[in-house]
Amino acid sequence: MGEKKQKDATKPVFVFGKKNYKFMFIGLACIALGFILMSGGGSDDPNVFNPEIFSWRRIRLAPMLILTGFGIQVYAILLNPDKK
């Protein structure tokens, strides 16, 4: 009888619930997508200017996706998994 109580007492308790991890992965995907959209646009020749580096996708869309991803991460951390 004492062993059963001891096993119940040593059960792992997770800080985050399934809902928290789901939001964390969504936020991580948003951040990764933002960095992927921000990449590229360079030139192999340093003497040639490529105006594509200042495209709307790299200047507006990608940073907003990254900031949204960080906001989702904060929400996922602060979300109470026990509240229904």
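Below or above, wherever it landed, is the structure these notes cover. (Residues numbered from 1 in each chain as written. Predicted model: local features only at pLDDT ≥ 70, side-chain atom pairs only at ≥ 80, totals over all residues. Heavy atoms only, no water.)

So, on to the pattern of salt bridges. With the rule as written, the count across this model stands at one salt bridge. Ionic pairing is found between Glu 52 and Arg 58, a salt bridge with its closest N-O pair at 3.7 Å. (Salt bridge = Lys/Arg side-chain N within 4 Å of Asp/Glu carboxyl O.)

Attention shifts here to the packing of aromatic side chains. Applying the stated criterion across every chain, the model contains three aromatic pairs. Geometrically, the ring pair formed by Phe 23 and Tyr 75 is edge-to-face, given 5.2 Å between the ring centres and 85 degrees between the ring planes. With Phe 23 in helix α2 (residues 18-38) and Tyr 75 in helix α3 (residues 56-78), the pair connects residues that are 52 residues apart, well separated along the chain. With a relative accessible area of 26%, Phe 23 lands in the partly exposed category. Look at Tyr 75 and you get partly exposed, because its relative accessible area is 43%. Residues Phe 49 and Phe 54 carry aromatic rings whose centres are separated by 6.2 Å and whose planes lie at 35 degrees to one another, so their mutual orientation is tilted. With respect to class, Phe 49 is no different from Phe 54; both count as exposed. (Phe/Tyr/Trp six-rings, centres within 6.5 Å; stacked < 30°, edge-to-face > 60°. Helix = DSSP H or I, 4+ residues; strand = E, 2+ residues; numbered from the N terminus. Buried < 20%, exposed > 50% of the residue type's maximum accessible area, 1.4 Å probe, protein only.)

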